[in-house]
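Each chain is listed here by its residues.
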Amino acid sequence: MSSTPSEQNCYFCKVTSGQADPFIFENRSFVGIFDTNPVNPGHALVIPRRHVVSFFDLNEEEKSDYFDALHGVKSVIEETNFAALYPSMMAREDLSDRPMDHIETVLELPFLGNKPDAYTVGNNDGREAGRSIDHLHVILLPRYKGDVENPRGGIRNVIAERANYQRR
Ligand SMILES: [Zn+2]
């Protein structure tokens with residue numbers, strides 16, 4: 001297969017071709033990895049093998065494989081010992097020049113050994129929505145009781161000043 005210049009410089013094309021993060025899951029259309037800058041224990045990404053920019057550009061085959069990938073990655077998250085995962089991630093040769101502060105912070109969290117209590121499933125579908133790499137990557141973020149002071153509203157809070165449900 002030929003690749004365009006944008007794919008040649010795409011970090012997630014490097015991932016899906018097996019040249020970066022180890023897969024924790026794979027099916028016909030998607031691979032799963034643990035994020036190396038986790039915001040919570042088990043923070044994972046579901047990434048199409050094909051260089052697809054937007055969720056809305058997935059083809060029929062990819063759409064039919066999407067939920068299988070989400071369920072597969074969720075199962076791996078729930079079976080993983082994060083107290084062992086993150087030290088081994090910190091020892092990875094390919095990450096040796098990267099800051100480790102996210103991993104160090106996650107290792108200190110009081111709920112590191114817990115099973116997730118909930119999930120945030122998200123995709124920043126466009127630069128204005130916060131996407132920094134233009135290859136679809138759906139975030140499967142385990143959530144834990146107490147991980148934020150008040151989780152009410154969830155992803156509404158990306159627009160914090162209008163997120164609050166409490167009205168007079
Ligand atoms: Zn790509």
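Quick caveat: nothing in here was measured; it's all calculated off a predicted structure.

## A word on the overall build of the protein
- When helices and strands are counted, the protein shows 5 helices and 5 strands.
- Beginning at the N terminus, the succession of helices and strands in the protein can be written as α-α-β-β-β-α-α-α-β-β.
- C-alpha extents for the protein along the principal axes are approximately 55 × 40 × 30 Å.
- Per-residue burial for the protein yields a buried fraction of 40% across its 168 residues.
- If you take every contact in the protein between residues at least 6 apart in sequence, the share linking residues at least 24 apart comes to 61%.
- Put simply, the protein shows about 10,300 Å² of open surface, and 51% of that area lies on carbon and sulfur atoms.
- Averaging the positions of the 18 positive and the 25 negative side-chain charges in the protein gives two centres separated by 8 Å.

## What to know about the sheet that holds strand 5 (residues 138–143)
- Spatially, the 5 strands line up as an open sheet ordered 1-2-3-5-4, and their pairing is antiparallel. Looking at which strands have only one partner, the edges of the open sheet turn out to be strand 1 (25–26) and strand 4 (118–122).
- Sheet analysis places strand 3 (residues 44–48) next to strand 5, joined by 3 bridges and oriented antiparallel. Note that in strand 5 the partner of Val46 across the bridge is Val138.

## Overview of the packing of aromatic side chains
- For the structure on display, the rule yields 8 aromatic pairs.
- Seen in terms of ring centroids, Phe55 and Phe56 are 5.8 Å apart; in terms of plane orientation they differ by 85°. Their pairing is edge-to-face.
- Residue class for Phe55 comes out partly exposed when judged on its relative accessible area of 28%.
- Three or more aromatic residues joined by ring pairs form one cluster here, namely Phe30, Phe55, Phe56, Tyr66 and Phe67.

## Considering helix 3 (residues 60–79)
- In this model helix 3 runs 30 Å from its N-terminal to its C-terminal C-alpha over 20 residues, within 8% of the 28 Å that 1.5 Å per residue would give.
- Along its length, helix 3 reaches its greatest deviation from straightness, about 30°, at Tyr66.
- Every buried residue belonging to helix 3 is among Glu62, Asp65, Tyr66, Ala69, Leu70, Gly72, Val73, Val76 and Ile77, and all of these are buried.
- Tucked inside the fold, the buried residues of helix 3 contact strand 1, strand 2 (30–34), strand 3, helix 4 (82–90), strand 4 and strand 5.
- Near the N-terminus of helix 3, the side chain that reaches the backbone nitrogen of Glu61, with its oxygen 3.1 Å away, is that of Asn59.

## A closer look at the coordination of the zinc ion
- Looking at the zinc ion, one finds its protein donor set to be Cys10 (SG), Cys13 (SG), His51 (ND1) and His135 (ND1), positioned 2.0 to 2.3 Å from the metal centre.
- Its 4 donor atoms give the zinc ion angles of 102 to 116° at the centre, a pattern that matches the tetrahedral case.

## Digging into helix 4
- Looking at helix 4, one finds that the buried residues are Phe82, Leu85, Tyr86 and Met89. Here the buried residues of helix 4 occupy an arc of 90° about the axis, which is enough to place them on one side.
- Among the structural elements, strand 2, helix 3 and helix 5 (101–107) are those in contact with the buried residues of helix 4.
- Put simply, Asn81 is the residue that caps the front of helix 4, since its side-chain oxygen is 3.0 Å from the backbone nitrogen of Ala83.

Conventions we followed
- The residue numbers shown here count from 1 along each chain, following its written sequence.
- Selection of residues for local features in this predicted model requires a pLDDT of at least 70, selection of side-chain atom pairs for listing and counting requires 80 or more, and totals for whole chains, interfaces and linings are taken over all residues.
- Hydrogens and water are ignored here; the side-chain numbers use all heavy atoms of the structure.
- In this text, helices come from DSSP runs of H or I with a minimum length of four residues, and strands from runs of E with a minimum of two, each type numbered from the N-terminal end.
- Classification of residues uses two cut-offs on accessible area relative to the type maximum, computed with a 1.4 Å probe and protein chains only: under 20% is buried, over 50% is exposed, and between them is partly exposed.
- Throughout, a residue-residue contact means that at least one pair of heavy atoms, one from each residue, lies within 4.5 Å.
- What sets the accessible areas is the Shrake-Rupley method with a 1.4 Å probe; for residues, cover comes only from the shown protein chains.
- Positive charges come from Lys and Arg alone, negative charges from Asp and Glu alone, with His and the N- and C-terminal ends not counted.
- We put the charge of a Lys on NZ, of an Arg on CZ, of an Asp on CG and of a Glu on CD.
- Between any two strands, at least two bridges found by DSSP are needed for them to pair.
- Two aromatic rings, drawn from Phe, Tyr or Trp (for Trp, its six-membered ring), form a pair once their centres lie within 6.5 Å of each other, and the interplanar angle then sorts them: stacked below 30 degrees, edge-to-face above 60, tilted otherwise.
- To estimate how far a helix should reach, multiply one less than its number of residues by 1.5 Å.
- Bend angle per residue: angle between axes fitted to the 7 residues ending at that residue and the 7 residues starting there.
- Each polar contact in these results corresponds to two N or O atoms within 3.5 Å; when the atoms are within protein, one needs to be able to donate a hydrogen and the other to accept it, and residues that are neighboring in sequence are counted only if both atoms are side-chain atoms.
- For Na, K and Ca the donor cutoff is 3.2 Å, while for all other metals N, O and S atoms count as donors only within 2.8 Å; water does not appear among the atoms, so some sites may look incomplete.
- Here a site with four donors is tetrahedral if all angles are between 85 and 135 degrees, and a site with four or six donors is square planar or octahedral if opposite donors are over 155 degrees apart and the other angles are between 65 and 115; anything else gets the irregular label.
- Each direction from the helix axis to a C-beta atom contributes to the arc, which is the arc of those directions.

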